[in-house]
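Close look at the chain arrangement
Now for the letters of each chain:
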Amino acid sequence: VQLQASGGGSVQSGESLSLSCSGPENLFRLNVIGWYRQAPGNQHDLVAAITSAGSTRYADSVQGRFTISRDNANKTVHLQMNNLRPEDTGVYYCNADRRCSTPHAGGYWGEGTLVTVSS
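Below or above, wherever it landed, is the structure these notes cover.

Criteria and cut-off values
Residues numbered from 1 in each chain as written. Predicted model: local features only at pLDDT ≥ 70, side-chain atom pairs only at ≥ 80, totals over all residues. Heavy atoms only, no water. Helix = DSSP H or I, 4+ residues; strand = E, 2+ residues; numbered from the N terminus. Rg over C-alpha atoms; globule rule 2.2 N^0.38 Å. Buried < 20%, exposed > 50% of the residue type's maximum accessible area, 1.4 Å probe, protein only. Contact = heavy atoms within 4.5 Å. Areas by Shrake-Rupley, 256 points an atom, 1.4 Å probe, with all protein chains shown as cover. Lys, Arg positive; Asp, Glu negative; His and termini not counted. Charge placed at Lys NZ, Arg CZ, Asp CG, Glu CD. Salt bridge = Lys/Arg side-chain N within 4 Å of Asp/Glu carboxyl O. Polar contact = N/O pair within 3.5 Å; in protein donor to acceptor, adjacent residues only side chain to side chain.

A count of helical and extended segments in the protein chain gives one helix and 11 strands. Relative to a compact globule of 119 residues, whose C-alpha radius of gyration would be 14 Å, the protein chain shows 13 Å and is just as compact. The buried share of the protein chain, reckoned over its 119 residues, is 42%. Put simply, of all contacts in the protein chain between residues at least 6 apart along the chain, 55% involve residues at least 24 apart. Carbon and sulfur atoms make up 44% of the accessible area of the protein chain, which totals about 5900 Å². Computed over 9 positive and 9 negative side-chain charges, the separation of the two mean positions in the protein chain equals 7 Å.

Written out as structure tokens, the structure is:
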């Protein structure tokens, strides 16, 4: 596993969590780093992504609540998740690839981290 994810946990609706993804420079330098949530059909749906230049993309469902940021010096990407909702529940995966998409396959994946939001 070349990408390492941390964070996650169980919270109540309206609370916040932060996820972090770190990895080697060769994966961070030129790639888009994305966070994906595994859907019930086992596909990985985009939550948020950030390019090496700092451009961001968000799923409509998290726009305004989640913020993705990138620390290239420390080879880390953070996903700040505020005002969490039960529908945000799922296993979140970090990914490095030349592009982002939903659903997404390919590139390099970290281990999933579980986020559980209860009402």
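Now for the pattern of salt bridges. Summed over the entire model, instances satisfying the criterion amount to one salt bridge. The partner of Arg65 in a salt bridge is Asp88, with the nearest N and O atoms 2.8 Å apart. Here Arg65 is found in the loop between strand S6 (56-58) and strand S7 (66-71), whereas its partner Asp88 is found in the loop between strand S8 (76-81) and strand S9 (90-97), with 23 residues between them in sequence. Of the two residues, Arg65 and Asp88, neither departs from the other in class, the shared state being buried.

The amide bond that connects Thr102 to the next residue, Pro103, takes the cis arrangement and shows omega of -10°. Although it is not a glycine, Lys75 sits at a positive phi angle of roughly 55°. By secondary structure assignment, the location of Lys75 is in the loop between S7 and S8. Taking relative accessible area as the criterion, Lys75 reaches 28% and is therefore assigned partly exposed. Unusually for a residue other than glycine, Asn83 sits at a positive phi of about 50°.

As for its placement among the helices and strands, Arg37 is situated in strand S4 (residues 32-38). C-alpha separation for the pair Arg37 and Ser13, spaced 24 residues apart in sequence, amounts to 18 Å. A polar side-chain atom of Arg37 sits 2.8 Å from a polar atom in the side chain of Tyr92.

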